[in-house]
Amino acid sequence: MCGIAGFTHVVRPFLPERIHQAVASIIHRGPDDQGVWQSSSISLGATRLRVIDTAAGGQPLTSEDNDVVVVFNGEIYNHAELRQQLIACGHRFRTTCDTEVVLRAFMQWDTACIEKLRGMFGFAAWRESRRRLVLARDRMGIKPLYYARAGRDIYFGSEVKSIFCHPEVPRHIDVDALDAYLGLNYVPGARTLAAGVQKLMPGCFLTWHDGEVSTHSYWQVDRIDPSAHTSLADSTERLGHLISQSVKEHLTADVPVGIWLSGGMDSSTILHYASQHASTPLKTFSITFEGREFNEAPYLREMATAYGTDHQELDLGPSTVTPDSIAELAYYADEPNADAGAVPVWHLSRMSAKQVTVALSGEGADELFGGYITYLADKYARRARMVPRTLRRLSLHSANRLPASNKKIGLDYKLQRFLYGTLLDERSSHVFWNGTFSQMQRKDLMLSQGGTHLLKLLATIPAHGDVRRFMAFDQAYFLPDNLLVKVDRMSMAHSLEVRPAFLDHRIVEFAATLPAHYCIQGRNLKLLLRNLMKDKLPQRITAKRKQGLDIPVHDWLRGHLKPLLLDTLNQKTVEESGIISWRHLQSLITLHMERKANYGYHLWGMMMLFLWIKQWKIQCGQDIEAPEDLSADFSSMPVQIPSSFSSAASSFSPLP
């Protein structure tokens with residue numbers, strides 16, 4: 001696992017020290033080794049965390065004639081079989097690392113090599129004789145890759161901070177992306193909150209040749225008509241085989257490997273199959289919240305005991321989650337992420353990294369197999385909308401009078417969010433339940449109006465169909481742009497490689513063929529996965545409802561984190577930014593502190609936004625707009641939905 005950075009210099013002066021600055025900014029991603037390679041046209045750099053072939057495999061890695069150079073971040077799980085194919089083609093290897101497989105695969109097959117790779121990755125390949133650069137990202141967006149352009153030159157890196165090393169790249173806020181951030185808690189798709197800095201989309205590669213840039217998709221999920229599905233028994237057997245195979249491959253490493261264990265079914269499934277392939281007791285790591293109603297310690301301890309793991313726990317409370325730790329977390333987050341679940345992931349990563357270099361996790365199962373309670377909300381809201389709108393508004397008014405709970409997600413919060421969502425159209429309500437501010441609330445809050453980024457994105461969801469259209473949306477955006485970003489930044493901040501075994505693309509392709517009732521049936525979520533694990537895991541593990549790894553943000557922002565919140569979101573700072581209405585934000589803070597409403601998640605996102613603005617000296621204001629070349633980042637990358645659904649984006653109405 002590594003971090004990569006680079007930039008061309010065909011127009012601007014060649015500054016040899018610049019690549020060293022870019023590499024130094026991401027040294028946490030690879031503290032074991034750093035290297036650079038430069039020519040008159042390009043500078044490339046990498047930091048390395050040794051996982052495979054710890055003795056060799058330093059980067060950048062070059063061909064014998066120095067014509068092809070590769071910097072690589074990730075893991076290729078089928079590197080051994082690709083190595084044999086390349087040897088048969090006449091290649092001679094100097095190392096046993098997967099980076100050299102990527103190098104020689106590119107030498108042999110050029111960009112056609114990308115779809116042969118199975119794993120998680122972001123890499124850059126340069127061919128000196130052609131002055132041609134290729135950037136590529138894995139199918140699901142597990143590993144990050146950002147880029148920005150300044151004239152004919154391009155700048156790229158594993159994290160935005162490596163691009164901010166270049167003064168040619170302006171640090172302006174993208175107001176349209178800000179609208180999406182406030183609505184979803186993250187910025188979806190190719191955009192970032194930094195205007196002009198883009199993500200290379202999952203399953204895509206980019207080519208740069210003498211200043212000309214083009215992007216291409218090499219993989220999209222083929223969503224097969226569910227009428228051709230197999231029986232539940234056959235699908236269950238197939239899923240078990242795929243997960244077992246994936247977990248076996250994800251355990252491959254020349255360094256210690258552990259398992260992140262939450263006590264839920266997803267991580268327990270990973271532990272179950274890992275135990276079948278491990279020759280020694282596994283190490284497991286967990287976060288607990290002693291004394292809180294959402295503490296999952298009894299479940300995870302039951303799993304650790306059942307599988308005889310070497311188990312470590314860390315209890316999170318006010319003495320652990322300090323204002324200083326939040327500020328440090330905000331720096332490594334790179335992009336502001338309003339998901340307060342980053343806090344336990346940060347501490348889980350720090351604890352794990354003391355004993356292992358690699359950890360397997362359960363991300364992706366909810367999006368692939370239907371595990372979120374929001375999918376039930378989508379279902380129940382259809383019935384609720386049959387009730388006259390006036391009665392729903394009255395019900396919401398009554399719910400808003402309930403006393404604000406200090407629980408992580410209390411009944412008051414759930415009821416208020418659900419009822420408000422029933423006043424929105426189906427697509428807007430789905431993202432509202434996972435997000436924070438509705439469009440009307442954002443209109444009051446933001447000083448700059450006219451954001452269309454989120455509206456264009458929502459319009460890609462078919463107006464009619466079953467829950468799979470929302471699962472497809474979450475797979476395309478919520479998973480890579482929120483969950484995987486959170487895990488990557490928090491883990492790599494501690495030089496820990498995290499591998500989500502559910503996101504093997506063969507599992508993803510299989511999940512795309514499943515009918516909706518194999519995912520959600522009645523009130524039962526993840527039906528197929530539960531069917532697979534019902535005779536393998538303890539019954540109370542497969543029967544329990546999802547809790548989610550999160551903090552009691554409503555409570556803590558009224559308590560020991562209140563000084564940090566008020567210091568960050570003060571009148572002077574907010575008014576000088578020119579992007580947020582202080583009057584409306586102050587009202588949210590007052591209502592929250594007086595326990596008249598729970599706005600903890602809203603305020604957390606705001607706090608992380610302004611910590612990011614301060615950290616990176618981001619220029620804000622109503623006169624700042626995104627460059628024109630970012631305006632079509634969704635038009636060529638639609639969410640893929642089964643063809644049996646009817647897409648009626650033209651009828652989309654985002655507001656009640």
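Parameters at a glance
Residues numbered from 1 in each chain as written. Predicted model: local features only at pLDDT ≥ 70, side-chain atom pairs only at ≥ 80, totals over all residues. Heavy atoms only, no water. Helix = DSSP H or I, 4+ residues; strand = E, 2+ residues; numbered from the N terminus. Buried < 20%, exposed > 50% of the residue type's maximum accessible area, 1.4 Å probe, protein only. Contact = heavy atoms within 4.5 Å. Areas by Shrake-Rupley, 256 points an atom, 1.4 Å probe, with all protein chains shown as cover. Lys, Arg positive; Asp, Glu negative; His and termini not counted. Charge placed at Lys NZ, Arg CZ, Asp CG, Glu CD. Patch = residues over 30% accessible without salt bridge, like charges linked within 9 Å, V, L, I, M, F, W, Y side chains within 5 Å. Salt bridge = Lys/Arg side-chain N within 4 Å of Asp/Glu carboxyl O. Pairing = 2+ DSSP bridges. Axes fitted to C-alpha atoms, helices over the stretch in contact; angles between N-to-C directions. Polar contact = N/O pair within 3.5 Å; in protein donor to acceptor, adjacent residues only side chain to side chain. Parallel < 35°, antiparallel > 145°, perpendicular 65-115°, else oblique. Left-handed = near helix turned anticlockwise from the far one by under 90°. Nonpolar A, V, L, I, M, F, W, Y, C, P; charged D, E, K, R; others polar. Disulfide = S-S within 2.5 Å. 1 Å grid on protein atoms, 1.4 Å probe; cavity = no way out; pocket = protein on both sides within 12 Å on 5 of 7 lines; lining within 4 Å. Points joined across faces, edges and corners; volume = space filled by probe spheres on them. pLDDT = per-residue confidence, 0-100.

Undergrad: Can you tell me about the overall build of the chain, naming the residues and giving the values?
TA: Helix and strand counts for the chain stand at 26 helices and 17 strands. For the chain, buried positions account for 63% of its 656 residues. If you take every contact in the chain between residues at least 6 apart in sequence, the share linking residues at least 24 apart comes to 75%. Carbon and sulfur atoms make up 51% of the accessible area of the chain, which amounts to about 24000 Å² in all. Counting 71 positive and 69 negative side-chain charges, the chain places the centres of these two groups 5 Å from one another.

Undergrad: How would you summarise a nonpolar patch on the surface if you had to cite specific residues and measurements?
TA: Together, Val-387, Leu-391 and Leu-394 make up an exposed nonpolar region whose accessible area comes to about 250 Å². Tracing the backbone shows Leu-391 in helix 13 (residues 389-399).

Undergrad: Lay out the sheet that holds strand 16 (residues 358-361) with the relevant residues and their values.
TA: The strand order across the open sheet built from five strands is 15-14-13-16-17, with neighbouring strands paired in parallel fashion. In this open sheet, the two edge strands, each paired with only one partner strand, are strand 15 (310-315) and strand 17 (497-500). Strand-to-strand twist in this sheet, taken as the mean axis angle between neighbours without regard to direction, amounts to 30°. Here strand 13 (residues 257-260) runs beside strand 16; their pairing, made up of three bridges, is parallel.

Undergrad: Could you give an account of the sheet that holds strand 1 (residues 2-8), with specific residues and numbers?
TA: With respect to topology, six strands assemble into an open sheet ordered 2-3-1-9-8-10, the strand pairing being antiparallel. Bordering the open sheet on either side are strand 2 (33-38) and strand 10 (197-199), each of which pairs with just one other strand. Neighbour-to-neighbour, the strand axes of this sheet turn through a mean angle of 15°, independent of strand direction. Against the sheet, helix 1 (residues 17-25) makes contact with strand 1, strand 2 and strand 3 (42-48), and its axis sits at roughly 150° relative to strand 2, the strand it touches most.

Undergrad: Can you explain the side chain of Arg-417? Please cite residues and give values.
TA: Here Arg-417 shows up in helix 14 (residues 411-422). Although Arg-417 is buried, it forms no salt bridge, and the closest oppositely charged side chain is Asp-412 at an N-O distance of 11 Å. One polar contact links the side chain of Arg-417 to the main-chain carbonyl oxygen of Phe-432, over a distance of 2.5 Å. The residues touching Arg-417, leaving out its near neighbours within four places in the chain, are Phe-432, Trp-433, Gly-435, Thr-436 and His-602.

Undergrad: Could you give an account of the packing of helix 25 (residues 582-593) against helix 26 (residues 600-616), naming the residues involved and the relevant values?
TA: Remark: helix 25 packs on helix 26, axes separated minimally by 10 Å, with the N-to-C direction vectors making an angle of 135°. With respect to their mutual orientation, helix 25 and helix 26 come out oblique. Crossing handedness for the pair helix 25 and helix 26: left-handed. Contacts between helix 25 and helix 26 involve Leu-585, Leu-588, Ile-589 and His-592 from the former and Gly-600, Leu-603 and Met-606 from the latter. A breakdown of the residues in the contact of helix 25 with helix 26 according to their chemical character gives five nonpolar, two polar and no charged.

Undergrad: I'd love a proper account of the packing of helix 13 against helix 14, names of residues and values included.
TA: Viewed as axis vectors pointing N to C, helix 13 and helix 14 meet at an angle of 160°, and their least axial separation amounts to 9 Å. Here helix 13 lies roughly antiparallel to helix 14, going by the angle between them. For the pair helix 13 and helix 14, the crossing hand works out as left-handed. Contacts between helix 13 and helix 14 involve Arg-392, Ser-395, Leu-396 and Ala-399 from the former and Leu-415, Gln-416, Leu-419, Tyr-420 and Thr-422 from the latter.

Undergrad: Can you tell me about the state of the cysteines, naming the residues and giving the values?
TA: With the rule as written, the count across this model stands at zero disulfides. Cys-165 carries a free sulfur, and the closest cysteine sulfur to it, the one in Cys-2, is 18 Å from it.

Undergrad: Which residues make up empty space enclosed by the protein, and what values go with them?
TA: Under the criterion given, the structure shown has 11 cavities of 30 Å³ or more. Lining of the second largest cavity is provided by 13 residues; of these, Ser-428, Val-431, Ser-438, Gln-439 and Arg-442 occupy positions nearest its centre. Breaking the lining of the second largest cavity down by element, the ones donating at least two residues are helix 15 (426-434), helix 16 (439-445) and helix 17 (453-458).

Undergrad: Tell me about the pairing of strand 17, and please be specific about residues and values.
TA: Because side chains alternate across strand 17, one face comprises the buried residues Glu-497 and Arg-499, and the other comprises Val-498 and Pro-500, equally buried. Judged from the four bridges that link them, strand 16 and strand 17 form a sheet pairing that is parallel. If you follow Val-358 over to strand 17, its bridge partner there is Glu-497.

Undergrad: I'd like to hear about the confidence of the model for the chain, residue by residue, with values.
TA: Of all residues in the chain, 93% attain a pLDDT of 70 or more, and the chain-wide mean is 90. The low-confidence segment residues 623-656, where pLDDT is below 50, has 82 contacts with residues more than four positions distant or belonging to other chains.

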